[in-house]
Amino acid sequence: MISITSTLSIPDSEISFYASRSSGPGGQHVNKTSSKVSLVFNVQDSPSLSEDQKILIISVIGGRINSKGELHISCEEHRSQFRNKEEAISRFAKILGDALKPVRKRRKTKIPYSAKRKRLDSKKKRAEVKQGRSKPGY
């Protein structure tokens, strides 16, 4: 089970892992081993997610989800397949966790008088500097 939030966990059976040859560090070793790990999770067919959660995830990270409804995450930073798998799982949990966070509504605030005054004073000062650069008599 991969824990996403305090109330949501994704079972390992819903996630697929694929290993392939990495283009990352490793010297001659990289040509012999499959250390790159790709994690595949089908968002649309997941029984662990509610319909509201699926809609929210697709709206937030829809660019990372393909036409089949699959989220692909790959990692090839480390030389070992095990560490790349752990990294892919942690990225997966972070991406889903961030997508499921409720968006806080922006509360409108008034711009302080001092901020307006400071902005206008800096504009006046800049105008005076530019005015001082011009030739006299114009």
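Further up the page is the structure itself.
Numbering of residues begins from 1 in every chain and follows the order in which that chain's sequence is written. Two thresholds apply to this predicted model, a pLDDT of at least 70 for residue-level local features and 80 or more for giving and counting side-chain atom pairs, whereas whole-chain, interface and lining totals are computed over all residues. As a rule here, side-chain values cover all heavy atoms of the structure and leave hydrogens and water aside.

Quick notes on the overall build of the protein
A tally of regular secondary structure across the protein gives three helices and five strands. Reading the helices (α) and strands (β) of the protein from amino to carboxyl end gives β-β-β-β-α-β-α-α. Taking 138 residues into account, the globule formula puts the C-alpha radius of gyration at 14 Å, and the protein, at 26 Å, lies well above it. Along the first, second and third principal axes, the C-alpha atoms of the protein reach 80 × 45 × 30 Å. In the protein, which comprises 138 residues, the share counted as buried stands at 28%. Contact definition: two residues touch when any of their heavy atoms are within 4.5 Å. Nonlocal contacts in the protein, meaning residues at least 24 apart in sequence, comprise 56% of its contacts between residues at least 6 apart. Each accessible area value is a Shrake-Rupley result obtained with a 1.4 Å probe; residue values ignore everything except the protein chains displayed when judging cover. When the accessible surface of the protein is split by element, carbon and sulfur atoms take 52% of a total near 10,400 Å². Elements are defined by DSSP. Helices are runs of H or I of four residues or more, strands are runs of E of two residues or more, and each kind is numbered from the N terminus. C-alpha atoms define the radius of gyration, and 2.2 Å times the number of residues to the power 0.38 defines the globule rule. Any residue under 20% of the maximum accessible area for its type is buried, any over 50% is exposed, and the rest in between are partly exposed; the area is computed with a 1.4 Å probe on protein chains only.

A word on the packing of aromatic side chains
Two aromatic rings from Phe, Tyr or Trp, using only the six-membered ring of Trp, form a pair when their centres are within 6.5 Å; if the ring planes differ by under 30 degrees the pair is stacked, by over 60 it is edge-to-face, and anything between is tilted. The final tally for this structure, using the stated rule, is one aromatic pair. Here phenylalanine 41 and phenylalanine 92 contribute two aromatic rings whose centre-to-centre distance is 5.1 Å and whose plane-to-plane angle is 65°, an arrangement assigned as edge-to-face. Remark: phenylalanine 92 occurs in helix H2 (residues 81-100) and phenylalanine 41 occurs in strand S4 (residues 36-42); sequence separation between them is 51 residues. Here phenylalanine 92 falls in the buried class, since its relative accessible area comes to 0%. Criterion for a charge above a ring: Arg CZ or Lys NZ at most 6 Å from the ring centre, at most 35 degrees from the ring normal. Its end group placed over the ring of phenylalanine 17, lysine 85 keeps NZ or CZ at 4.6 Å from the ring centre.

Describing the sheet that holds S4
One open sheet accounts for three strands, arranged S3-S4-S5; its pairing is antiparallel. With one partner strand each, in any of the chains shown, strand S3 (15-20) and strand S5 (70-75) form the two edges of the open sheet. Looking at each pair of strands side by side, their axes are set apart by 20° on average, direction ignored. Paired strands, in this sense, are two strands between which DSSP finds at least two bridges. Here, axes are lines fitted to C-alpha atoms. For helices the fit covers the stretch in contact, and angles between N-to-C directions go from 0 to 180 degrees.

Section: a positive patch on the surface
Positive charge collects at one region of the surface, where Lys110, Lys116, Arg119 and Lys123 lie side by side. Arginine 119 gets classed as partly exposed once you look at its relative accessible area, which sits at 47%. Distance thresholds for patches are 9 Å for like charges and 5 Å for nonpolar side chains (Val, Leu, Ile, Met, Phe, Trp, Tyr), applied to residues having over 30% relative accessible area and no salt bridge. Salt bridge, as used here: a side-chain nitrogen of Lys or Arg that lies within 4 Å of a carboxyl oxygen of Asp or Glu. The charged-residue count follows a simple rule in which Lys and Arg add positive charge and Asp and Glu add negative charge, with His and chain termini not counted at all. Each charge is placed at NZ for Lys, CZ for Arg, CG for Asp and CD for Glu.

Describing the pairing of S4
One face of the sheet, then the other: side chains in a regular strand alternate in exactly this way. Burial of S4 is extensive: six of the seven residues sit out of reach of the surface. Inspection of the sheet shows S3 paired to S4 by six bridges, in the antiparallel sense. Considered in S4, the bridge of phenylalanine 17 is made with leucine 39. Sheet analysis places S4 next to S5, joined by six bridges and oriented antiparallel.

Details of the pattern of salt bridges
Two side chains that carry opposite charge are able to pair once their charged atoms sit near each other. Following the criterion strictly, the structure yields six salt bridges and no others. Measuring nitrogen to oxygen at the nearest pair gives 3.5 Å for the salt bridge that ties glutamate 51 to lysine 54. Within this pair, glutamate 51 and its partner lysine 54 are both found in helix H1 (residues 51-61), separated by three residues, close to a single helical turn. For glutamate 51, a relative accessible area of 55% translates into the label exposed. The exposure class assigned to lysine 54 is buried, which follows from its relative accessible area of 10%. With a shortest N-O distance of 3.6 Å, aspartate 121 and arginine 117 are connected by a salt bridge. Separated by four residues within a single helix, aspartate 121 and arginine 117 lie in helix H3 (residues 113-133), roughly one turn from each other. Overlapping salt bridges bring together Glu77, Glu87 and Arg91 as one network.

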